[in-house]
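Read off the chains here:
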Amino acid sequence: MRIERITLRRISLPLVTPFRTSLGTEHERPALLVQVTTADAEGWGECVAGADASYSSEYLEGAEDVMRRHLVPPLLAADPVTAHAVAPLLAGVRGHRMAKAALEMAVLDAELRTRGTSFAAGLGALADRVPSGVSVGIMDSVPELVDAVADYLAQGYLRIKLKIEPGWDVEPVRAVRERFGEELLLQVDANTAYTLADARRLARLDAFDLLLLEQPLDEDDLRGHAALARRIRTPICLDESVVSARSAADAIALGACQIVNIKPGRVGGYLEARRIHDVCAASGIPVWCGGMLETGLGRAGNVALAALPNFTLPGDVSASDRFYATDITEPFVLQDGHLAVPTGPGLGVEPLPGVLAGVTTSVHEVSRRDHDA
Ligand code: OSB
Ligand code: MG
């Protein structure tokens, strides 16, 4: 496969409601889409970097900059290129996993569309639908939170994740557990808002039978997570800390987590995400698919990934309308608490041209010929 053109497209989608985490509040989702054009196909990628560098060191403007300066040129120069060749080809650039993931995703999509193979089949996934969980932001009051959870449960979501931070943890968790009962699959996500000095407070969450506590401590604090794991009963799940299959293996070996959240964007792409799935499966560590407020493109890839066998917990793979009144693709809709795994070639979905045009804020195109010139 030879890439003729790479198009970087910035879009901005309004959120149906503001999304607040311990990191801040988002009102809209700016995103960076990658379109790879070959003689035979168009491939789509989505960069999950946020507007600011609060979740990871990467941010959208930085991702576009490193793509334009350092990542797109070697991809355009490579002939032939395959999805498996992308990471080795870009290995001379350190880090920037979210930017690399978006490019690899677009190449993988183009390759699979050319072969007539779906993302799920390409990744080796067999399930035809995946259970859907929802991530619920921090709210102004506990009653408001309980109402929001009731609404998501009425829609059919099979698992609830509450965002927590110091001052918004034990009380909201207690209220949701008391209101909805012990059958509810319930977990919490701190996005690094605590320190080991909070161990006793976090141990109070043990009373509520949570599936897991996600990323309580800093991204680089594996020893702290291992120490915390010895002081609480709730299983610890890592998100921000797991940036590669190697870091997943290290975290598991250190006893820093009993569960792993896999986000393809955070780890450099769907191929590394599958390696993490395999490493965890070999160690008896369950995984689930995280989310980064993806549009229908990233959502399609995540649903396919979540269909792999060791994704034994419901993921943050919600319906499109959890975040967006109008998605840029045909929307993903909840069916009996599940999302259907797309079966068409590649991602199995495409941007709707009219919708895409309406949300596009900038387009930057580089073709092989510009590059050669
Ligand atoms: O920690 O999982 C997280 C969104 C942005 C940054 C970090 C996280 C999240 C979510 C969103 O929880 C979940 C989703 O996309 O459904
Ligand atoms: Mg998280």
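Residues numbered from 1 in each chain as written. Chains lettered and ligands numbered in written order. Predicted model: local features only at pLDDT ≥ 70, side-chain atom pairs only at ≥ 80, totals over all residues. Heavy atoms only, no water.

Here the focus is unusual backbone geometry. For the bond running from D79 to P80, omega is 0°, close enough to zero to count as cis. Phi at L293 takes a positive value of approximately 55°, unusual for a residue other than glycine. Even without a glycine there, the phi angle at D336 is positive, about 60°. Here D336 shows up in the loop between α11 (296-305) and β12 (338-340). Residue D336 is classed as exposed on the basis of its relative accessible area of 65%. (Helix = DSSP H or I, 4+ residues; strand = E, 2+ residues; numbered from the N terminus. Buried < 20%, exposed > 50% of the residue type's maximum accessible area, 1.4 Å probe, protein only.)

Now for the sheet that holds strand β11 (residues 287-289). Paired through backbone hydrogen bonds, the strands of a sheet run either parallel or antiparallel to each other. Here we have seven strands laid out as an open sheet, ordered β5-β6-β7-β8-β9-β10-β11, and parallel in their pairing. In the strand order of this sheet, the two ends are held by β5 (133-136) and β11, each with one partner. As defined by bridge partners, β5 adjoins strand β6 (residues 159-163) across four bridges and the pair is classed as parallel. Bridge assignment links S135 to a residue of β6, and that residue is K161. In the packing of helix α5 (residues 142-155) onto the sheet, the strands contacted are β5 and β6, and the crossing angle to β6 comes to about 155°. (Pairing = 2+ DSSP bridges. Contact = heavy atoms within 4.5 Å. Axes fitted to C-alpha atoms, helices over the stretch in contact; angles between N-to-C directions.)

This part is about the sheet that holds strand β2 (residues 24-38). Spatially, β3-β2-β1-β13 is the arrangement adopted by the four strands of the open sheet, whose pairing is antiparallel. On the outer flanks of this sheet lie β3 (42-47) and β13 (360-367), each paired with one strand and no other. Looking at each pair of strands side by side, their axes are set apart by 20° on average, direction ignored. The pairing of strand β1 (residues 3-21) with β2 spans 14 bridges and is classified as antiparallel. In the strand pairing of β2, F19 is matched with E26. Running at roughly 160° to β1, helix α1 (residues 60-77) makes contact with β1, β2, β3 and β13 of the sheet.

Once that is clear, we can look at the packing of helix α9 (residues 245-254) against helix α10 (residues 270-282). Running from amino to carboxyl end, α9 crosses α10 at an angle of 25°, the nearest separation of the two axes being 8 Å. If you check the angle between α9 and α10, you find them roughly parallel. In this structure, the crossing between α9 and α10 has a hand that is right-handed. In this structure, α9 contributes A245, A248, A249 and I252 to the contact, and α10 contributes E272, R275, I276, V279 and C280. By residue class, the composition of the contact of α9 with α10 is seven nonpolar, no polar and two charged. (Parallel < 35°, antiparallel > 145°, perpendicular 65-115°, else oblique. Left-handed = near helix turned anticlockwise from the far one by under 90°. Nonpolar A, V, L, I, M, F, W, Y, C, P; charged D, E, K, R; others polar.)

With that settled, consider the layout of surface pockets. Gaps left between atoms are located by rolling a probe of water-molecule size over the structure's atoms. There is about 520 Å³ of room inside the largest pocket. Around the largest pocket, the lining is made up of 34 residues, and of these F19, T21, E26, M292 and L293 lie nearest the centre. No other element matches the seven residues that β2 contributes to the lining of the largest pocket. For the lining of the largest pocket, the residue count by class is nine nonpolar, 11 polar and 14 charged. For the second largest pocket, the calculated volume is near 350 Å³. Around the second largest pocket sit 17 residues that line it, and T17, P18, M139, E144 and Y152 are the ones nearest its centre. Across the lining of the second largest pocket, the residue classes break down as seven nonpolar, four polar and six charged. (1 Å grid on protein atoms, 1.4 Å probe; cavity = no way out; pocket = protein on both sides within 12 Å on 5 of 7 lines; lining within 4 Å. Points joined across faces, edges and corners; volume = space filled by probe spheres on them.)

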